[in-house]
Amino acid sequence: MVEMTVSDAQVDEFARLGYVRINGLFQADEVDLLYRISKADRELVSQSYGRRDAAGQTTRLTLRNDLDDSTIYTAIVRSQRVAGAMARLLGDEVYHYHHKVMLKEPRVGGAWEWHQDYGYWYDNGCLYPDMASCLIAIDPATRENGCLQILEGSQRLGRINHGRTGEQAGADLQRVQAAMQRFPLVYCEMGPGDALFFHGNLLHCSAQNTSDKPRWSLICCYNTKHNDPIITGGRHPNYSYLELWPDQRVLEVGRRHWETLQASVPGS
Ligand SMILES: O=C(O)CCC(=O)C(=O)O
C-alpha cells in the first residue's frame with residue numbers, strides 16, 4: 001500500500017513549474033474499481049451537464065461540492081495521497097472545494113479552452129491563488145483523445161483576465177499566445193491511476209476528442225484554509241474542516257461502493 005508523502009523536491013518542482021506529476025498514484029486494483037464504478041454509475045451520467053467550446057462542440061462533466069462518504073470519489077478526495085500531498089504542495093491545511101468527473105466522449109467530446117482555474121475561482125471571492133487540482137486519469141489520456149495540455153511554468157504570470165469562450169471561461173487570448181512563446185507546451189499523456197497536481201494559475205486546456213476512445217478523469221479541487229472566500233454563497237463552498245482518511249480506505253470504500261452499485265442494478 002502506497003503511503004504517499006510529497007518530497008521537498010516535488011514541493012520545489014510544483015513551485016517552479018506549477019505542476020507535479022505522479023505516475024501510478026493509484027494502483028491497478030484501486031483504479032480498476034474507480035473505472036468500473038464510474039462507468040456503471042448511472043447517477044453520475046444522469047447528473048452530468050455539457051459545456052460548449054468555441055467551435056460549438058460539447059464536453060460533459062459532473063461536478064459535486066458535497067462529499068458522500070460512501071463513494072470511492074470521496075475516499076480519493078479525502079485520501080492522504082491526494083489531500084495530504086496537496087496540503088504539502090500548497091503549504092497549508094486544504095479543504096474540499098469541489099470534485100468533478102470529466103466525461104470526454106469519443107468523437108463528440110469538446111475542447112476545454114485555455115484557462116486558469118483561478119481565473120474564475122477568483123470571482124468566488126478567493127483572495128489568493130493558493131488553490132490547486134489533482135487530475136486522476138480513469139481512461140488512458142492521449143493526444144488523440146484530447147489529453148490535458150499545460151504551459152509549464154505559466155502560473156508565474158499570475159492571474160490573467162478571463163472572458164466567455166463558447167460556454168466556458170477562457171483566458172485573454174493575446175496573453176495566452178504570448179505565454180505560448182515563453183513557456184513549454186506539455187501534453188499530459190497519462191495512464192489510468194496516474195495523477196497530475198496543478199496550480200490554480202497554471203494555463204491549461206484540452207483539445208476535442210476526435211478518437212474512438214473515451215477520456216474520463218476525476219479532478220479533485222482544493223482551497224487552502226487561509227484562503228476562505230470573502231463572500232458566502234459562491235459557486236463552491238467556504239472553508240470547512242476536511243477529515244483526511246488513510247490511503248487504504250480507497251479500496252475499502254470502493255469495494256463497498258461497487259457492491260452497492262451492483263445491488264441496485266435491476267434484476268440483480
Ligand atoms: O480535463 C480536461 O479536459 C480539462 C479540465 C479542465 O480544464 C479543468 O477542470 O479546469
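Residues numbered from 1 in each chain as written. Predicted model: local features only at pLDDT ≥ 70, side-chain atom pairs only at ≥ 80, totals over all residues.

**A few points about the overall build of the chain**
Okay, step 1: The helix and strand inventory of the chain stands at 8 helices and 13 strands.
Okay, step 2: Taking 2.2 N^0.38 as the reference for a compact globule, 268 residues should give roughly 18 Å; the C-alpha atoms of the chain span a radius of gyration of 18 Å, in line with that estimate.
Okay, step 3: For the chain, the spread of C-alpha atoms along the three principal axes comes to 55 × 40 × 35 Å.
Okay, step 4: By residue count, 45% of the 268 residues in the chain fall in the buried class. (Helix = DSSP H or I, 4+ residues; strand = E, 2+ residues; numbered from the N terminus. Rg over C-alpha atoms; globule rule 2.2 N^0.38 Å. Buried ≥ 20, exposed ≤ 12 C-beta atoms within 10 Å, placed from the backbone.)

**Details of the sheet that holds strand 12 (residues 204-206)**
Okay, step 1: Strand order in this open sheet of 4 strands is 5-12-7-10, and the pairing throughout is antiparallel. Every interior strand has two partners, whereas the edge strands, strand 5 (112-115) and strand 10 (185-188), have only one. The mean angle between the axes of side-by-side strands here comes to 20 degrees, regardless of whether they run parallel or antiparallel.
Okay, step 2: In terms of strand pairing, strand 5 meets strand 12 through 2 bridges, oriented antiparallel. Looking at strand 12, one finds that H115 is bridged to H204. (Pairing = 2+ DSSP bridges. Axes fitted to C-alpha atoms, helices over the stretch in contact; angles between N-to-C directions.)

**Structural notes on unusual backbone geometry**
Okay, step 1: Although it is not a glycine, R107 sits at a positive phi angle of roughly 70 degrees.
Okay, step 2: With respect to the helices and strands, the residue R107 is situated in the loop between strand 4 (94-104) and strand 5.

**Looking at the site of the ligand**
Okay, step 1: Near the ligand, the surroundings consist of M102, K104, W112, D117, L148, H204, S206, S217 and I219.
Okay, step 2: Breaking the shell around the ligand down by element, the ones donating at least two residues are strand 4, strand 12 and strand 13 (215-224).
Okay, step 3: Each residue belonging to the shell around the ligand can be placed in one class, and the counts come to 4 nonpolar, 3 polar and 2 charged. (Near = placed C-beta within 6 Å. Nonpolar A, V, L, I, M, F, W, Y, C, P; charged D, E, K, R; others polar.)

**What to know about the nonpolar core**
Okay, step 1: Residues Y19, I72, I76, M86, I136, F197 and Y222 are the most contacted members of the largest nonpolar core, which totals 70 residues.
Okay, step 2: In terms of residues, this core owes the most to one element, helix 5 (residues 80-90), which gives 7 residues.
Okay, step 3: Once residues lying within four places of it in the same chain are set aside, the contact partners of Y222 are A83, M86, V94, Y95, H96, Y97, M131 and A132. (Core = buried A, V, L, I, M, F, W, Y, C linked by C-beta atoms within 7 Å. Contact = placed C-beta atoms within 7 Å.)

**Thoughts on the sheet that holds strand 13**
Okay, step 1: Across the sheet, 7 strands lie side by side as 1-11-6-13-4-3-2; this open sheet has antiparallel pairing. Here the strands that pair on one side only, and so sit at the sheet edges, are strand 1 (19-22) and strand 2 (49-52). Shown here is a sheet whose adjacent strand axes are inclined to one another by a mean of 25 degrees, direction ignored.
Okay, step 2: By the bridge criterion, 4 bridges tie strand 2 to strand 3 (residues 58-64) in an arrangement that is antiparallel. Directly across from G50, in strand 3, lies its bridge partner R60.
Okay, step 3: Where helix 1 (residues 8-17) meets the sheet, its contacts fall on strand 1 and strand 11 (195-199), and the angle it forms with strand 1 comes to roughly 135 degrees.
Okay, step 4: Of the strands in this sheet, strand 1, strand 4, strand 6 (131-137), strand 11 and strand 13 touch helix 5, which is tilted by about 140 degrees from strand 6.

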